[in-house]
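Next come the chains, spelled out residue by residue.
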Amino acid sequence: MEAAMIDTPEKGVATDGQKPAGQVDQDGDETAAGGKAERKRHGKGFIYLSLRDADDALRKIDHHAKRMSKEGFARALGHKKAEGRFFNKLEALKLYKLAEENGDDVVLTGLAVDMLYGGSEATRTKARATAFLSYEDFSKTFAECPKGQDHPLDYVVDFVKGKLGIVNEVERFKRLFLESAHFAGLIEGELDHAAKTIRFRHAVPLAAGGEGAAVMSGERKSESAFEVIGGSQAAEMLAAFGLSAYADRAEVAQKVSGKVSQRYDEGQLTLEVNRPIRVVIKDTDLLMDLPEIVKAMRQKGLAI
């Protein structure tokens, strides 16, 4: 098998010939010829690590310091130095919003700390779901799948090919997607790669102050349940509210159910669905942030 591509327009994505997720590179990032691995890119690339592999990788960073030099982290992941496939892995951690670069260091985000060391299983599960939805292609694919009912996996493959533009290594993308969703608690039952159908759960964030509340449920959601929104959809909503500046520490969610009104006029039936949206901005300095938030939302014509 050829080594994974590292010279690509999209860092941190997997392409043809890549090693399976979780396989540690014991000999660094050299090809048989001793140079950087390259492979022509066909179709769209995708994330390098599953969410479980990302979790395993981040646990190599000291949980007290919550940071590690890139060189040290690279060696911890089985690379001789910080180059090549190491940066694909690092970019994957950034796509999940679990790591940031600070100079020569890799730093755990608040989401990563919650996922790895949260004080309750509910907090850790919520963080895993949020990280899963932070990667846009996973978020789009998950949003396309019905929840609480069997869904043919062939439809998932068709969506990945037709809408995401991933034409090579589709089976690998499907495996990474399903393994990550299962690790995030978003799949009912055990994961069976040979199955023809899959049943997904809604992604429902933990209610404020509800450490003991169930985060994921395959049952019908209550009126108060919200579903986390990730990727470009969340970014568009934040922009509409004038809150794009807070995107790196904001969580956007929408009610699973809503109020429906209907109007019939001149042979045309119009249904309007009102589903409240919730935005949680973390690490807030109330005195500094609140006036700016109010100003930004008023400029968008929102009453606050």
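Residues numbered from 1 in each chain as written. Predicted model: local features only at pLDDT ≥ 70, side-chain atom pairs only at ≥ 80, totals over all residues. Heavy atoms only, no water.

A.B. asks: For this particular structure, what's the right way to read the sheet that holds strand β14 (residues 277-281)?
C.D. replies: The strands making up a sheet associate through backbone hydrogen bonding, with each pair oriented either parallel or antiparallel. Spatially, β10-β11-β14 is the arrangement adopted by the 3 strands of the open sheet, whose pairing is antiparallel. One side of each edge strand has no neighbouring strand; the edge strands of this open sheet are β10 (226-229) and β14. Strand-to-strand twist in this sheet, taken as the mean axis angle between neighbours without regard to direction, amounts to 30°. Across 5 bridges, strand β11 (residues 250-255) lies against β14 in antiparallel orientation. Paired with glutamate 251 across the bridge in β14 is valine 280. (Pairing = 2+ DSSP bridges. Helix = DSSP H or I, 4+ residues; strand = E, 2+ residues; numbered from the N terminus. Axes fitted to C-alpha atoms, helices over the stretch in contact; angles between N-to-C directions.)

A.B. asks: What am I meant to see in the sheet that holds strand β5 (residues 105-108) here?
C.D. replies: The 3 strands lie next to each other as β3-β5-β4, forming an open sheet whose pairing is antiparallel. At either end of the open sheet lies a strand with only one pairing partner, and these are β3 (67-69) and β4 (99-102). Neighbouring strand axes in the sheet, compared pairwise and without regard to direction, differ in orientation by 25° on average. Summarising the sheet, β3 and β5 pair through 3 bridges and their orientation is antiparallel. In the sheet register, serine 69 faces β5, and the bridge partner there is aspartate 105.

A.B. asks: What am I meant to see in the side chain of aspartate 55 here?
C.D. replies: Inspection of the secondary structure puts aspartate 55 in helix α1 (residues 51-58). Residue class for aspartate 55 comes out buried when judged on its relative accessible area of 5%. Of note is the side chain of aspartate 55, whose polar atom sits 2.7 Å from the side chain of arginine 59. Each residue touching aspartate 55, except ones within four places of it in the same chain, is listed here: Met115, Leu116 and Phe183. (Buried < 20%, exposed > 50% of the residue type's maximum accessible area, 1.4 Å probe, protein only. Polar contact = N/O pair within 3.5 Å; in protein donor to acceptor, adjacent residues only side chain to side chain. Contact = heavy atoms within 4.5 Å.)

A.B. asks: What should I look at first to understand the environment of aspartate 105 in this one?
C.D. replies: Take aspartate 105: it is sitting in strand β5. In this structure, the C-alpha to C-alpha distance between aspartate 105 and glutamate 71, residues 34 residues apart in sequence, is 8.5 Å. The contact partners of aspartate 105, leaving out residues within four places of it in the chain, are Arg67, Met68, Ser69, Lys70 and Glu100. Reaching out from aspartate 105, the side chain makes a polar contact with the side chain of arginine 67 at a distance of 3.1 Å.

A.B. asks: It is not clear to me how helix α6 (residues 136-144) should be interpreted in this structure. Could you clarify?
C.D. replies: In an α-helix, one turn spans 3.6 residues; hence positions three or four apart end up facing the same way. Taken together, the buried positions of α6 are occupied by Asp137, Phe138, Ser139, Thr141 and Phe142. Where α6 is buried, its residues contact β2 (46-47), α5 (121-134), α7 (153-162), α8 (170-183), β8 (202-203) and α9 (231-241).

A.B. asks: Whenever I open this one, the pairing of β11 confuses me. Can you help?
C.D. replies: Regular strands place side chains that alternate from one sheet face to the opposite one. Within β11, 5 of the 6 residues are buried, which leaves it mostly tucked inside the rest of the structure. Bridging between β10 and β11 involves 4 bridges; their strand directions are antiparallel. Bridge assignment links glutamate 227 to a residue of β11, and that residue is glutamine 254.

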